[in-house]
Amino acid sequence: MKIATWNVNSVRTRLPIIEEWVKTSEPDIILLQELKCVNEAFPNEFIEDLGYNIALHGQKTFNGVAILSKFPIEDITINLPNFNDPQARYIEAFTGGVRVASLYAPNGSEVGSEKFSYKLSFYKHLCLHLEQVLQHNEPFLIGGDYNIAPTDADVHDPEKWKGSVLVSPEERTIFHQLLNLGLTDTLRDLHPEEKCQKEDWYTWWDYRSGAWHRNWGLRIDHILASSHAKEKLSAVGIDRDLRGMTRPSDHTPYWCQLK
DNA sequence: ATGGTTGCCTCGCAA
């Protein structure tokens, strides 16, 4: 079973790339972020014709997350149950024998800003909720745009990024707290940092400054796995080609395969 | 170089 996460940066604008990607990459479960549309405006028919069931949590203009699955989708939760969030950043459901969540963490704008506080608060409540989820001892995967690059190995130029959001010590501490709950960073499980010093696993390149062509990327999209899911982990990958296509998202899909 | 681009749908905001 293949599970992919992708920040599409507007689902309606991305339909041509989604169609081509689905036909070549063939994920069984897709976790989408930044739909940038309300549920009523979501291209249901288009996605169903590609063979997926849909669970949605949309929002006008900003944010919005979805779970697409070739299997029936059950037990859907919208928003973190412990966090009354006006922004659509979390959806969780049971499908194909696994529990999955699609996450769009706040960007945080600037370290110390009001939006940064909101990011920390969002993550605090996410940790508390995941603590509950992990008590159920079922295979669980949470994928999405975490807006955190866990270490300097995940940043094209750590010096340049120092002091910025996505790489701050506070955010990296939070990422480690997630791992300490019993979650595994699926990428680093199969490709540990010490073994891939010469390869990058970036998932996001800024639209600005020709970042893509200069490979100024960061790894900020992740899939974390519970122990029962990690046991079955067989492969991971990034569909990097999509970033070079016409009208691309600024993120690429990241996926993992379970036995 | 406080730069630069994209997507929302407004003439600005978020990323």
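Because the structure is a prediction, the values reported are computed rather than measured.

Draft legend 1. Region of interest: the nonpolar core. Counting residues in each nonpolar core, the largest one holds 25 residues, and the members touching the most others are I29, I67, V100 and L141. Those elements that provide at least two residues to this core are strand 2 (29-33), strand 4 (65-69), strand 6 (90-95), strand 7 (98-104), strand 12 (221-225), strand 13 (233-238) and strand 14 (254-258). Ignoring anything within four residues of it in the chain, the contact list for L141 reads I3, R99, V100, A101, I223, L224, A225, A229, C256 and L258. F83, A105, F122 and I174 belong to the second-largest nonpolar core, a separate cluster that totals 23 residues.

Draft legend 2. Region of the structure containing the pattern of salt bridges. With the rule as written, the count across this model stands at 13 salt bridges. In this structure, the salt-bridge partner of K36 is E34, at a minimum N-O distance of 4.0 Å. For E34, a relative accessible area of 12% translates into the label buried. A salt bridge links R240 to D200; the shortest N-O distance between them is 2.7 Å. Linking R240 in the loop between strand 13 and strand 14 with D200 in the loop between helix 6 (186-190) and strand 10 (204-205), this pair joins segments that are 40 residues apart in sequence. Of the residues examined, R240 reaches a relative accessible area of 28% and is grouped as partly exposed.

Draft legend 3. Region of interest: the protein's contact with DNA strand B. Close contacts around DNA strand B come from 16 residues, with S10, T13, R14, Y207 and R247 the closest. The sugar-phosphate portion of DNA strand B accounts for 74% of its atoms within 4 Å of the protein, the bases making up the rest. R89 places a polar side-chain atom, nitrogen or oxygen, 3.5 Å from a phosphate oxygen of DNA strand B. Contacts to DNA strand B include R247, whose side-chain N or O atom sits 2.7 Å from a phosphate oxygen. Of the residues assigned to the surface near DNA strand B, the class counts are 3 nonpolar, 6 polar and 7 charged.

Draft legend 4. Fine view of the environment of C196. Examined against the element boundaries, C196 turns out to sit in the loop between helix 6 and strand 10. Each residue touching C196, except ones within four places of it in the same chain, is listed here: R188, H191 and W201.

Rules used in this analysis
- Residues numbered from 1 in each chain as written.
- Chains lettered and ligands numbered in written order.
- Predicted model: local features only at pLDDT ≥ 70, side-chain atom pairs only at ≥ 80, totals over all residues.
- Heavy atoms only, no water.
- Core = buried A, V, L, I, M, F, W, Y, C linked by side-chain atoms within 4.5 Å.
- Buried < 20%, exposed > 50% of the residue type's maximum accessible area, 1.4 Å probe, protein only.
- Helix = DSSP H or I, 4+ residues; strand = E, 2+ residues; numbered from the N terminus.
- Contact = heavy atoms within 4.5 Å.
- Salt bridge = Lys/Arg side-chain N within 4 Å of Asp/Glu carboxyl O.
- Near = heavy atom within 4 Å.
- Polar contact = N/O pair within 3.5 Å; in protein donor to acceptor, adjacent residues only side chain to side chain.
- Nonpolar A, V, L, I, M, F, W, Y, C, P; charged D, E, K, R; others polar.

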